[in-house]
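# Understanding the architecture of this molecule
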Protein chains: 2
Amino acid sequence: MLTTTDPATGATTETGLAPTEAAGVAATVAAAGAAAAWLAAPANRAALLDAMADAVEADRDALVAIARSETGLGQERLTIENGRCALQFRLFAEAVREGSIFETMIDHAAQTPIGPGPDIRRTLVPLGPVAVFGSSNFPFAFSVIGGDVAAAIAAGCPVVAKAHSSHPLTSAASFDALEAARRAVGGPEGLFGIVYGQAAGTALVQEPGIAAASFTGSLGAAQALVAAIEQREVPIPFYGELSSINPLVVAAGALPERAEAIAEGLAASVTGSGGQLCTKPGIAFVPTGEAGDALVAVLADRMGAAAPSVLLNRRIATSFGEIRDRLLAAGAAPLATGLQPEGAGFAVPATVLQTTAAELDAELAEECFGPLVVVARYDDAAQIDGALRRIPPSLTPTIHLEDSDRPFYEALAPAMTATSGRVVFNGFPTGVRVCWAQHHGGPWPATNTQHTSVGVTAVRRFLRPIAFQNAPEWALPEGLRDGDVGTPRRVDGILTL
Amino acid sequence: MLTTTDPATGATTETGLAPTEAAGVAATVAAAGAAAAWLAAPANRAALLDAMADAVEADRDALVAIARSETGLGQERLTIENGRCALQFRLFAEAVREGSIFETMIDHAAQTPIGPGPDIRRTLVPLGPVAVFGSSNFPFAFSVIGGDVAAAIAAGCPVVAKAHSSHPLTSAASFDALEAARRAVGGPEGLFGIVYGQAAGTALVQEPGIAAASFTGSLGAAQALVAAIEQREVPIPFYGELSSINPLVVAAGALPERAEAIAEGLAASVTGSGGQLCTKPGIAFVPTGEAGDALVAVLADRMGAAAPSVLLNRRIATSFGEIRDRLLAAGAAPLATGLQPEGAGFAVPATVLQTTAAELDAELAEECFGPLVVVARYDDAAQIDGALRRIPPSLTPTIHLEDSDRPFYEALAPAMTATSGRVVFNGFPTGVRVCWAQHHGGPWPATNTQHTSVGVTAVRRFLRPIAFQNAPEWALPEGLRDGDVGTPRRVDGILTL
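In this text, all values refer to a predicted model and were calculated from it rather than measured experimentally.

Another point: the overall build of chain A. Counting secondary structure elements, chain A contains 13 helices and 23 strands. For 497 residues, the compact-globule formula gives about 23 Å, and the C-alpha radius of gyration of chain A, at 24 Å, lands near that figure. Taking the principal axes of the C-alpha coordinates as reference, chain A spans close to 75 × 65 × 40 Å. Expressed as a percentage of its 497 residues, the buried residues of chain A come to 58%.

Moving on to the interface of chain A and chain B. Counting residues at the interface gives 58 residues for chain A, matched by 58 residues for chain B. When contributions to the side of chain A that touches chain B are tallied by element, the ones reaching two or more residues are helix H4 (75-98), strand E3 (105-107), strand E6 (120-126), helix H13 (406-418), strand E20 (422-425) and strand E21 (463-469) of chain A. Per-class residue counts for the side of chain A that touches chain B are 31 nonpolar, 17 polar and 10 charged.

The subject of this paragraph is unusual backbone geometry. All names here are of chain A. Cis geometry is adopted by the peptide bond preceding Pro445, which originates at Trp444 and carries an omega value of 10°. Its location among the elements puts Pro445 in the loop between E20 and E21. The phi dihedral of Asn470 falls on the positive side, at around 50°, and the residue is not glycine. Its location among the elements puts Asn470 in the loop between E21 and strand E22 (489-491).

Right, let's get into the packing of helix H13 (residues 381-390) of chain B against helix H14 (residues 406-418) of chain B. Residues and elements named next belong to chain B. Look at H13 against H14: their axes get within 9 Å of each other, and the N-to-C directions meet at 5°. As the angle between them shows, H13 and H14 are arranged roughly parallel. Where H13 approaches H14, its residues Ala381, Ile384, Asp385, Leu388 and Arg389 are matched on the opposing element by Phe408, Ala411, Leu412, Ala415 and Met416. In terms of residue class, the contact of H13 with H14 is made up of eight nonpolar, no polar and two charged.

Screw-axis analysis of chain A against chain B gives a translation of 0.0 Å along the axis, an RMSD of 0.0 Å, and a rotation angle of 180°. Given the turn and translation reported, the copies of this chain are related as if by a two-fold rotation axis. Judged by C-alpha distance, Leu497 of chain A is the residue of chain A that lies nearest the rotation axis, at 4.2 Å.

Glancing now at the pairing of strand E13 (residues 283-287) of chain A. Residues and elements named next belong to chain A. Where burial is concerned, most of E13 is hidden: five out of the five residues are buried. In this structure, strand E12 (residues 247-250) lies alongside E13, joined through three bridges in parallel fashion. Following the sheet pairing, Val249 is matched in E13 by Phe285. Handedness of the β-α-β unit built from E12, helix H9 (residues 255-271) and E13 comes out right-handed.

Residue and element names in this part refer to chain A. The domain boundaries assigned to chain A delineate domain 1 (3-242 + 447-480) and domain 2 (247-425). Using C-alpha coordinates to define each centre, domain 1 is positioned 33 Å away from domain 2. Every contact between the two is made by 13 residues of domain 1 and, on the other side, 12 residues of domain 2. Grouping the constituent residues of the side of domain 1 that touches domain 2 by class yields three nonpolar, eight polar and two charged.

Moving on, we come to the sheet that holds strand E8 (residues 159-162) of chain B. Sheet strands associate in pairs through backbone hydrogen bonding, adopting either a parallel or an antiparallel arrangement. Residue and element names in this part refer to chain B. Spatial ordering of the open sheet is given by E9-E8-E7-E10-E11, a layout of five strands whose pairing is parallel. Two strands close off the open sheet at either side, each with one partner strand: strand E9 (192-195) and strand E11 (238-241). Direction aside, neighbouring strands of the sheet carry axes that sit 15° apart on average. Packing against the sheet, helix H1 (residues 22-34) makes contact with E8 and E9, and its axis sits at approximately 165° to E9.

Residues and elements named next belong to chain B. Between helix H10 (residues 255-271) and helix H11 (residues 290-304), the least distance of the axes is 8 Å, while the angle of their chain directions is 25°. What the angle tells us is that H10 and H11 run roughly parallel. In this structure, the crossing between H10 and H11 has a hand that is right-handed. The residues of H11 that touch H10, namely those facing Leu255, Pro256, Ala259, Glu260, Ile262, Ala263, Glu264, Leu266 and Ala267, are Ala291, Gly292, Ala294, Leu295, Val298, Leu299, Arg302 and Met303.

Conventions and cut-offs
- Residues numbered from 1 in each chain as written.
- Chains lettered and ligands numbered in written order.
- Predicted model: local features only at pLDDT ≥ 70, side-chain atom pairs only at ≥ 80, totals over all residues.
- Helix = DSSP H or I, 4+ residues; strand = E, 2+ residues; numbered from the N terminus.
- Rg over C-alpha atoms; globule rule 2.2 N^0.38 Å.
- Buried ≥ 20, exposed ≤ 12 C-beta atoms within 10 Å, placed from the backbone.
- Contact = placed C-beta atoms within 7 Å.
- Nonpolar A, V, L, I, M, F, W, Y, C, P; charged D, E, K, R; others polar.
- Axes fitted to C-alpha atoms, helices over the stretch in contact; angles between N-to-C directions.
- Parallel < 35°, antiparallel > 145°, perpendicular 65-115°, else oblique.
- Least-squares fit on C-alpha atoms with pLDDT ≥ 70 in both.
- Pairing = 2+ DSSP bridges.
- Right-handed = clockwise from strand over helix to strand, strands pointing away.
- Domains from an automatic or database assignment.
- Left-handed = near helix turned anticlockwise from the far one by under 90°.

If you want it as structure tokens, here you go:
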């Protein structure tokens, strides 16, 4: 039987849930495959996505209560996260109805410089059942009711979720909400599946019926899944969001007016959700000199006064201490430590360490899940540029600046854009807006893909093109026929609305 | 020193070209990386692509003559292939100017159901230097002046080509044309690179500066490159177009009027370019009964009278005989053999084998490069459906039918679309139109990617998104600023032209 642990107390209880056995995994994937035909109709997908939004809103209070007891995350944070899931499902429903995400193109038969060209019509179709591995730090938005599930359904792919071991009861309750939505719109049984336990997760990615896997979590866990996938006869795409240090740069021009506000915002960004966000700023580049000293002093003060953060599970809490010790051993100096935790739960103190941009290297840029930030003092842009090129790429770097800092930014822009997927100005990287233009991804090891896991374009991960050559009209999918189909398409090279 | 062999005679001569040593590979990749900044400007890419079209046209006669002597392919085929390269470069130049391929999106700051959302602006940027591995069977269009090079340049990625061992002199002359184009538009040295020899190819994909690799060739060679890539510290995407049997189905309704024309077209498609096209129909499903017998008789007649095909190299010619023998051993019956080759070159006879749809399996569906087709007689659609699900997926299946065959097609459509990337009606799969809507790809082992290698959308393989959050206007790339930039963009969720 699976257990669940309250991170606030460390108390472990039985869940009544059993690890899914191999036969159960196979049956779940087979049922998902059988449900794919119903999802082939975009209208069914859109209706289902709207119903999913309604269902997670309807179950909000129960879901938040269960997730609180399994994650230690706060009521407000979890309530917003539940709202984000509903927003996400509705945005994908809209996108399915609008239809651009299917990239439909028609080239009529025509003479070309090398001879007659046939009629070619292309659209994107679903890959097939998708395995979704949720993350510990987003029990809703990157788990069973999360963005990968929304994107897969929008693409027309049935979903089999692997319940995260840190929140099995939240996963089960989330799955119940999905099932309620499915029944509400008459979707076939098996369209949503869920499996429990690490062995079931490995078996899941090896099932021949699984067409893609998406994952948000640690590099180590990803590598284990990749190794399992490499044993498949037929390879499948594996979309991993993995590891990110998210450097934040304070330009000199921002200091006179905003040093205190930046320091306070940074402390909030580092400690929010216990510092367990993949976009948490892990390094803060601050100018040497008095104005920078003042910012660092405020940061140290706020972090020193911060309450302990309850981390998601024992492993993360243990890692936090180990990584902090490695950073100290690598030469980072302790600068401030927040209030010490009491009791048996998985709480750790807010922590600020310090180094210099000139010394910063991959070792000092190790990602630490939890309320820890390394301040790196710099003399000039060249020192930051060098550091950015020595440390691993990130999901998102941040810069605080004024217009007067333009030359400084321009010196850094090549490295900031080459090593990330989203550059944040005068804000904080935590909080990822769910919208069309969002990109939540970045060069390895931030992700292993050229696609986002947040925002509408995440759907592309679960689609593949198919073309029809000289097909009679009756053999074409509706959206590929001539005439106005109400969807943006590219016809004979011209984009038409 | 590298040698080259004339497949028509088997005669081998010195090329004067040396295998590229490890230091040379590293220097070539470093130079490509340094040239990336010039390609960052879309206007430079478009001008370069137009110049590349002009250059390959200017060198057409010389290129065709060299390629003839190295490939055994005919004057007309090679001349058209050269024209296809020019067309391809110009189409990508147009696409760069039009700008949709960069998928630009702007979401202005706005209130959302879960709070204020920041301004987010997204576009696609180049991955970095791309390694292109050409194929033996397209000395131009899938080699140094081919589609992968066009797509990479359109994406803004410098290219390092690996010269194919079957046509080193064609590769060198093609590279000279690229260099002439580069000089004509003032592009930096190193933007195009080329390496020679198998060891250099392995070293190329392991260079840290290479950001992606594209490959057209055999599954075995691809697996060797994948193994080399897996040893990299930082993984890169590997786009492989690999293996395809391309089943062709003749529906009963097509027989009364078109049996002879279909048989003649099939014989031409199987023997054209020596049967060495990745889209060559390798299996032909023909109805049992007299009308089907008549079609098969015409096919056997035309193939039996066909001249021998000169294959591209000794390895392919040897494989042809080995695979034919394996197919016979697996139970296929010999049906017709064309004229026997004479002399020392790599020629083989046209070959027709026969089996039944009920017996067809993966063993009988082994891809055979060369003028060989397996006829599979069928009683009903269910037999074909079963066979399509037993054999590996393909780039493209074909069906010959009349409107009266609609129920027959509808019974086969699920399997045909699930196991391919392009369904051809009443034609032949050889000949792939270069246009926006083309999809040249398919489920594994046809390709290992959800992207095409022919047509404009091939560019997506070499691009990655980047987003800017709350950036001051001066920090945004031009195409992401407010106002009309002359490019289709999605603004606040609405696609605008």
